[in-house]
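Here is what each chain is made of, one letter per residue.
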Amino acid sequence: MRLPKARGTLSEQLFTALREEPGTPVTIDAAVADDAEDRAIALWASYELHYRGFEDVDDRWEWSPDLLRVRAGLEEVLEADLRERYAAHRPDRTSDRVEDLAKDLFDYVAAHDGPSMARHVQTDATEAQVMELLRQKSVYHLKEADPSAWVVPRLPTGPKAALMELQFDEYGDGNPARLHQHLFERGLEAAGLRSEYGAYVDEAATTVLEANNVQSFLGLHRRLRAASLGHLAAFEATSSIPSRRMAQGLERLGFPDEIVEYYREHVEADAVHEQLAVRDICVPLVELEPHLADDVFLGAFACLDTEDRQARDLLARWGVAA
Amino acid sequence: MSAQPADGTPDVAARPVVEERPTIVMCPEGPMLLRGDAVIEDAEGNRHRTTRPVSAVCRCNKSATKPWCDGTHKLLPKKLRP
Ligand code: FES
């Protein structure tokens, strides 16, 4: 993958700098960003150096203190935004007993009411809308599960083993042909879309980049490990039923088996993963480190909120009432 | 490294050995988790082999992919959940 297109003053300056030799001083101030879109693509590219990198950027940029300083400025804005939105959606827990955490977390996710993209796809979406959705979703699905992988070494014994049990399934249980990212690649190809990593980043909506950035942000900061796992739990707990609707919608429109299969796989896989994420990962972590309970909900909120914003954004583009 | 830091807070790393994880877990209001390879015979006598390291077996009887859980239990009123 090559660097994406700049989307404003900040990303323009940043991408120009990244094409230089590492060590070239960077004096960019994140505050020059034109808007949320400019910030989102700049942050997305700085995170991407930790995943697969760019052909036109020297890998040594990954740990450049100058670049990390710019990234930190962008993360500050992201975190402040997220915490501000979360403040209005804190869970109303009757107790902070860890025995109630599983139930409280499932209830918190279930009580969240957002626009349903999957319902639209199931019954009404056009083929062109679904194609656009797949292109947008590819920004995440081609690195599905990777942002939570950063958390593994940061966990105590029980939650660490449990997270690996879940991740192992995400990564195909050792079989590359079953790797979820790869199932999506095959689905994209069968649907006539490009499947290479990052293929559609240039057309990714700001809300899609932001959702991606939140996951990397939570995954890459050890202090936010519980939020990263709360995000994972909410993601898995909102996947089975929507995945079934997606599969039905794709079948309705005559999409090829490979892409239908991707969603079918997630119906059953995520019915398992949601239980593991909540009961074997989040709960035991909070048992060991009770002060992390609120972070679990912060992460769960981050997932629900960013998913809503993406759905609302795309539905609005298509003139569909959310 | 001391097992108990000077400030008296428990040291997470020094916690006792974690318990062996169970092979079968009944999830409240949800499926039964089943670890390892197994063949399940359903009520009609059809056999289903597990395909993943941990499987979720439907207990609410409303799944569209029985014997596996597909999350449908969450759409049921609480008193109808397992
Ligand atoms: S227990 Fe989950 S669908 Fe029946």
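For chain B, an unreviewed UniProt entry supplies the name CDGSH iron-sulfur domain-containing protein and the organism Nocardioides abyssi.

By the naming in an unreviewed UniProt entry, chain A goes by Iron-containing redox enzyme family protein and is assigned to Nocardioides abyssi.

> Quick one: what's the story with the sheet that holds strand β1 (residues 24–26) of chain B, residue by residue and with numbers?
All names here are of chain B. Spatial strand order, β1-β2-β5: 3 strands in an open sheet with antiparallel pairing. Bordering the open sheet on either side are β1 and β5 (54–57), each of which pairs with just one other strand. Adjacent strand axes in the sheet meet at a mean angle of 20°, parallel and antiparallel pairs treated alike.

> Can you tell me about the side chain of S195 of chain A, naming the residues and giving the values?
All names here are of chain A. Positionally, S195 belongs in the loop between α9 (180–190) and α10 (206–220). Judged by relative accessible area, which is 12%, S195 ranks as buried. A polar atom in the side chain of S195 sits 2.6 Å from the side chain of E189. If we ignore the near neighbours within four places in the chain, the residues touching S195 are L142, E185, L188 and E189.

> Quick rundown of the interface of chain B and chain A? Include the residues and the values.
Counting residues at the interface gives 26 residues for chain B and 26 residues for chain A. Carbon and sulfur atoms supply 56% of the area buried between chain B and chain A, which totals about 2000 Å² over both sides. Across the salt bridge formed by R52 of chain B and E265 of chain A, the nearest N and O atoms sit 3.0 Å from each other. Here chain B and chain A share 11 residue pairs in polar contact (both at pLDDT 80 or more) between them. Sorting the residues of the side of chain B that touches chain A by element identifies β2 (32–35) and β5 of chain B as the ones contributing at least two each. The element best represented in the side of chain B that touches chain A is β5 of chain B, accounting for 3 residues. For the side of chain B that touches chain A, the class distribution of residues is 13 nonpolar, 6 polar and 7 charged.

> Kindly report on the UniProt feature "domain: Iron-binding zinc finger CDGSH type" (unreviewed entry) in chain B, identifying the contributing residues and their values.
The UniProt entry lists residues 29–79 of chain B under the feature "domain: Iron-binding zinc finger CDGSH type" (unreviewed entry), expressed in the numbering used here. The span residues 29–79 of chain B shows a helical share of 0% and a strand share of 27%, and its end C-alpha atoms are spaced 9 Å apart.

> Account for the pattern of salt bridges, with residues named and values stated.
Within this structure, the stated rule accounts for 37 salt bridges over all chains. Between R194 of chain A and E196 of chain A there is a salt bridge, with the nearest N and O atoms lying 2.8 Å from each other. Among the residues examined, R194 of chain A registers a relative accessible area of 42% and is labelled partly exposed. The salt bridge involving E274 of chain A is made with K74 of chain B; its shortest N-O contact spans 2.4 Å. With one member in each of two chains, E274 of chain A in helix α13 (residues 257–288) and K74 of chain B in the segment after β5 form a pair that bridges those chains. According to the relative accessible area criterion, K74 of chain B is partly exposed, its value standing at 24%.

> With reference to specific residues and values, describe the nonpolar core.
Ranked by size, the top nonpolar core spans 115 residues in total, and within it L18, L134, L229 and Y263 of chain A carry the most contacts. Not counting the four nearest positions on each side in its chain, L18 of chain A is found in contact with L3, L49, D56, V57, D58, W61 and L67 of chain A.

Criteria and thresholds
Residues numbered from 1 in each chain as written. Chains lettered and ligands numbered in written order. Predicted model: local features only at pLDDT ≥ 70, side-chain atom pairs only at ≥ 80, totals over all residues. Heavy atoms only, no water. Pairing = 2+ DSSP bridges. Helix = DSSP H or I, 4+ residues; strand = E, 2+ residues; numbered from the N terminus. Axes fitted to C-alpha atoms, helices over the stretch in contact; angles between N-to-C directions. Buried < 20%, exposed > 50% of the residue type's maximum accessible area, 1.4 Å probe, protein only. Polar contact = N/O pair within 3.5 Å; in protein donor to acceptor, adjacent residues only side chain to side chain. Contact = heavy atoms within 4.5 Å. Buried area = accessible area lost by both parts, 1.4 Å probe. Salt bridge = Lys/Arg side-chain N within 4 Å of Asp/Glu carboxyl O. Nonpolar A, V, L, I, M, F, W, Y, C, P; charged D, E, K, R; others polar. UniProt positions renumbered as here; feature names shortened; annotations may be inferred. Core = buried A, V, L, I, M, F, W, Y, C linked by side-chain atoms within 4.5 Å.

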